[in-house]
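# Structural features, examined
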Amino acid sequence: MTVNGATRTPKVLIPEKVSPDGLALLNASVEVHERKGLSAEALIEIIGEYDALIVRSETKVNAALLAAGKKLRVVARAGVGVDNVDLQAATKLGIIVVNLPQGNINAAAEHTIALLMAVARNVGAASASLKAGKWERSKLVGIEVKGKTLAIIGLGKVGLTVARAAGGLGMNLVAYDPYANPSLAASANVEILPTMDELFEQADFMTIHTPMIASTKGLIGESELAKMKPTARILNVARGGIIDEVALLSALEAGTIAGAGIDVFTSEPPQPGDPAFELIEHPSVVATPHLGASTVEAQENVSIDVCTQVLSILSGQLPRSAVNAPIILPEEYRTLQPFVLLLEKMGSLFTQHFSPSNTREQVRTTFDLIYEGTLASANTTKPLFAALVKGLLSPITSAESLNINIVNAELVAKERGLLINESRSRETLEQEGYSASVTLRARLNPRSPSASRIPRTNPFAKETTTSTRAKRIEDQIISGFVSNNIPYISRLGRFSTSFIPDGTMLIGRNYDEPGKIGVVGGRLGKAGVNIRSMSVAPIEADDGEALLKVDSVVEGGGGTQKEALMILGVDRGVDEEVRRSLVSEDGLLEAGVVVL
Ligand SMILES: NC(=O)C1=CN([C@@H]2O[C@H](COP(=O)(O)OP(=O)(O)OC[C@H]3O[C@@H](n4cnc5c(N)ncnc54)[C@H](O)[C@@H]3O)[C@@H](O)[C@H]2O)C=CC1
Ligand SMILES: O=C(O)C(=O)COP(=O)(O)O
């Protein structure tokens with residue numbers, strides 16, 4: 001498999017129990033290491049070798065672990081909840097986080113129903129009592145769920161599946177979920193209530209099915225529990241911490257809540273001294289050790305799904321259900337793919353060609369990125385944006401730190417002071433001979449207080465072999481198109497052209513008059529540099545500056561003369577001495593080397 005341009009076998013680390021069904025898929029093309037029971041420190045020590053990490057809910061994928069994962073490209077959660085993964089840190093590092101939002105929904109919903117019935121009929125306490133040699137029939141009288149109201153907080157995939165099953169048991173269904181789909185709710189006979197307070201008042205049973213996010217942490221605390229009937233029972237198969245464990249324990253002890261079925265805990269496994277310990281021991285509580293997804297069927301589903309996704313991401317394809325990246329359909333991506341290469345080349349060409357100074361300072365620069373023709377109706381341009389950012393930064397960033405992709409491109413651009421405004425122009429390009437093109441133009445940010453101080457140079461400036469004459473920012477424009485899946489540059493600065501941006505290229509500006517190519521070719525030949533390709537670019541005919549007033553800045557004298565660009569693909573680097581020798585009255589006015 002090719003990983004970051006090199007052919008090697010990727011390594012996948014699995015520190016938790018994942019069903020073998022999917023692992024068989026992985027074993028065929030990647031190296032799989034199952035290492036259960038590692039401490040956080042041991043995990044950090046070894047993560048640097050791995051390209052992918054597959055986890056369930058036990059592994060804490062925090063910023064330190066992600067930062068140590070120098071080769072990590074994907075963290076895959078074999079399940080739904082990603083609250084054990086630091087998404088922000090992963091996004092910053094360009095690590096794709098995927099989850100499997102479908103495979104264990106039924107298992108979680110069935111487990112909720114199991115707890116519902118167990119709590120209603122005292123199944124846990126009855127079983128423990130019988131095992132203890134007792135026969136306590138009158139003490140263990142339960143209630144029926146038929147005709148009772150089940151209140152659902154979070155009517156998503158699990159919540160709706162629970163609703164359908166509970167409907168089958170004859171329960172009345174109400175829900176609170178500000179983002180619920182009303183038609184799905186109606187089809188499951190669920191009444192959506194406008195406030196949580198109404199739900200608390202009506203609930204005989206209340207079940208939680210929201211994700212664990214900042215807004216749901218401690219969602220059910222003392223004051224919420226106080227609004228419920230003393231006969232109400234509570235279920236949580238979502239995440240520990242959504243219900244305040246201390247408040248629930250107090251309510252159970254005070255008899256203001258009748259019972260609870262709990263599968264998930266704030267800290268898992270609960271540590272001695274945690275309020276969860278007492279909660280688990282309470283006679284009115286049925287507790288299970290995070291078993292919602294633990295069925296043979298669900299584990300087969302998520303294992304096959306997670307391993308398929310990891311394989312496809314490692315082989316360079318796009319994720320199907322990434323939590324921190326846009327979803328791009330494969331057919332959409334196929335259409336964009338040739339332009340991805342074009343944008344990367346345009347970005348790299350921009351930085352190298354328009355960087356005549358040696359400054360490395362990061363200046364806030366604004367770019368207009370204009371998609372023209374059929375590209376203007378693309379559903380997403382995220383891959384193109386990411387490719388441009390990568391291209392702009394590649395000449396000035398070390399290869400190891402150039403992990404820019406659709407996950408982190410926007411963040412990286414922001415951090416590096418690149419303001420890129422994307423826009424679309426639907427004008428047809430039929431007369432041009434291709435259906436879509438892209439233009440990249442730098443402009444001074446008029447609102448930036450430093451605009452007047454911005455040097456008329458490219459902000460990413462690296463040491464460059466281009467002439468030291470600053471190129472004016474209004475000339476910093478590149479257009480390109482794709483033909484037969486090959487990227488072409490059609491405009492470079494003030495010059496219209498047509499060349500394939502590939503390999504080492506010498507870009508020279510010269511007076512548009514006969515004999516120049518011969519002079520340059522001769523000098524390169526003498527230096528042992530072969531010319532592989534050649535294009536010339538006359539200045540744009542309709543450009544207001546078609547006739548450039550050549551002043552003292554231009555080596556070679558005064559007067560008014562037409563200019564052209566000469567773009568030569570060469571077979572090796574052109575050293576500084578040779579480049580300088582090309583700039584002369586009978587040769588080039590300016591010469592620079594770019595590597596694309
Ligand atoms: N115990 C276990 O083994 C398992 C637990 N889970 C957990 O179950 C939960 C639900 O999973 P899914 O249904 O797949 O997620 P989902 O994303 O399909 O549904 C979550 C729902 O919660 C709603 N919601 C978000 N904030 C809310 C708020 N403040 N108030 C009311 N509703 C809110 C959302 O609008 C959404 O409809 C997750 O926490 C997941 O991690 C899932 C599978 C197994
Ligand atoms: O998928 C989820 O959100 C779950 O809670 C299941 O967790 P698990 O994979 O059983 O550790």
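Since the structure is predicted, the reported quantities are computational estimates derived from the model, not experimental observations.

A few words on the overall build of the chain. When helices and strands are counted, the chain shows 18 helices and 25 strands. Pairs at least 24 apart in sequence give 70% of the contacts found in the chain among residues at least 6 apart. Surface exposure of the chain reaches about 27400 Å², of which carbon and sulfur atoms provide 52%.

This part is about the UniProt feature "domain: D-isomer specific 2-hydroxyacid dehydrogenase NAD-binding" (unreviewed entry) in the chain. According to UniProt, the positions carrying the feature "domain: D-isomer specific 2-hydroxyacid dehydrogenase NAD-binding" (unreviewed entry) are residues 113-292. Within the segment residues 113-292, helix and strand shares are 36% and 16% respectively, and the terminal C-alpha atoms sit 10 Å apart.

Another aspect to go through is the packing of aromatic side chains. Evaluation of the coordinates by the stated rule reveals four aromatic pairs. Judged by centre distance (5.1 Å) and plane angle (80°), the rings of F350 and F367 are edge-to-face. Of this pair, F350 sits in helix 14 (residues 330-353) while F367 sits in strand 15 (residues 365-373), and the two are 17 residues apart along the sequence. Both residues of the pair, F350 and F367, belong to the buried class. When the centroid spacing of 3.9 Å and the interplanar angle of 5° are considered together, the rings of Y434 and F481 count as stacked. Taken as a pair, Y434 in the loop between strand 16 (418-425) and strand 17 (436-443) and F481 in strand 18 (residues 477-483) lie far apart in primary sequence, 47 residues in all. Its relative accessible area of 15% is what places Y434 among the buried residues.

Okay, the pairing of strand 21 (residues 504-511) next. The buried fraction of strand 21 amounts to eight of the eight residues, a majority that puts the element mostly inside the structure. Note that strand 21 and strand 25 (residues 590-595) share six bridges and pair antiparallel. Bridge assignment links I507 to a residue of strand 25, and that residue is G592.

Neighbouring ligand 1 are 26 residues, the closest being K157, V158, D177, T210 and V237. Note that an oxygen atom of ligand 1 is positioned 2.8 Å from one of the side-chain N or O atoms of K157. At 3.0 Å from a nitrogen atom of ligand 1 is found a main-chain nitrogen or oxygen belonging to V237. Contact with the protein chains hides 88% of the accessible area of ligand 1, taken as 860 Å² for the molecule alone.

Moving on: the site of ligand 2. Every residue near ligand 2 is listed here: R56, S57, R77, A78, G79, V80, G81, N104, R239, H290 and A293. At a separation of 2.5 Å, an oxygen atom of ligand 2 approaches a polar side-chain atom of S57. One nitrogen or oxygen atom from the main chain of V80 is found 2.6 Å from an oxygen atom belonging to ligand 2. Here ligand 2 loses 90% of its free accessible area of 310 Å² to cover by the protein chains. Residues that form the shell around ligand 2 fall into these classes: three nonpolar, five polar and three charged.

With that out of the way, let us pick up the sheet that holds strand 11 (residues 205-208). With respect to topology, seven strands assemble into an open sheet ordered 10-9-8-11-12-13-14, the strand pairing being parallel. Bordering the open sheet on either side are strand 10 (190-192) and strand 14 (285-287), each of which pairs with just one other strand. Each neighbouring strand pair of the sheet contributes to a mean axis angle of 20°, computed without reference to strand direction. Note that strand 13 (residues 259-262) and strand 14 share three bridges and pair parallel. Residue pairing for strand 14: G261 is matched across the bridge by V286. Relative to the sheet, helix 7 (residues 157-168) contacts strand 8 (149-153), strand 9 (172-176), strand 10 and strand 11, its axis offset from that of strand 8 by approximately 175°.

Pairing is mixed in the open sheet, where six strands are placed in the order 16-15-17-18-19-20. Each edge of the open sheet is held by one strand with a lone partner, namely strand 16 and strand 20 (495-499). Each strand of the sheet is rotated relative to its neighbour by a mean of 20°, with strand direction disregarded. Inspection of the sheet shows strand 15 paired to strand 17 by eight bridges, in the antiparallel sense. Bridge pairing in strand 17 links T366 to R443. Helix 14 rests against strand 15, strand 17, strand 18, strand 19 (486-492) and strand 20 of the sheet, and its axis sits at about 155° to strand 18. Along the sheet face, helix 15 (residues 382-393) touches strand 15, strand 16 and strand 17 and points at about 140° away from the line of strand 16.

Calculation rules
The residue numbers shown here count from 1 along each chain, following its written sequence. Written order decides the labels, with chains lettered from A and ligands numbered from 1. Since the coordinates come from a predicted model, pLDDT governs what is reported: local features require at least 70, and pairs of side-chain atoms require 80 or more to be given and counted, while whole-chain, interface and lining totals use all residues. No hydrogens and no water enter the side-chain calculation; it runs on all heavy atoms of the structure. Secondary structure counts use DSSP, requiring at least four H or I residues in a row for a helix and at least two E residues in a row for a strand, with both numbered from the N terminus. Residues are treated as being in contact if the distance between any of their heavy atoms lies within 4.5 Å. Note on areas: Shrake-Rupley with a 1.4 Å probe; residue coverage comes only from the protein chains shown. UniProt positions are given in the numbering used here, feature names are shortened, and annotations may be inferred rather than shown by experiment. For this analysis, a ring pair means two rings from Phe, Tyr or Trp (six-membered ring only for Trp) whose centres lie within 6.5 Å, classed as stacked if their planes differ by under 30 degrees, edge-to-face if by over 60, and tilted for the remaining angles. For the exposure calls, accessible area comes from a 1.4 Å probe over protein chains only, and a residue counts as buried if that area is under 20% of its type's maximum, exposed if over 50%, partly exposed in between. A pair of strands is considered paired only if DSSP assigns at least 2 bridges between the two. Neighbouring residues are identified by heavy atoms, a residue being near a molecule or strand if any of them is within 4 Å of it. N or O atoms within 3.5 Å of each other form a polar contact, as long as, within protein, one can give a hydrogen and the other can take it, and as long as residues adjacent in sequence are counted only when both atoms are side-chain atoms. Only Asp, Glu, Lys and Arg are considered charged in this grouping, and only Ala, Val, Leu, Ile, Met, Phe, Trp, Tyr, Cys and Pro are considered nonpolar; every other residue, Gly among them, is considered polar. In this analysis, axes come from line fits to C-alpha atoms, helices being fitted only over the stretch in contact, and the angle between any two N-to-C directions falls in the range 0 to 180 degrees.

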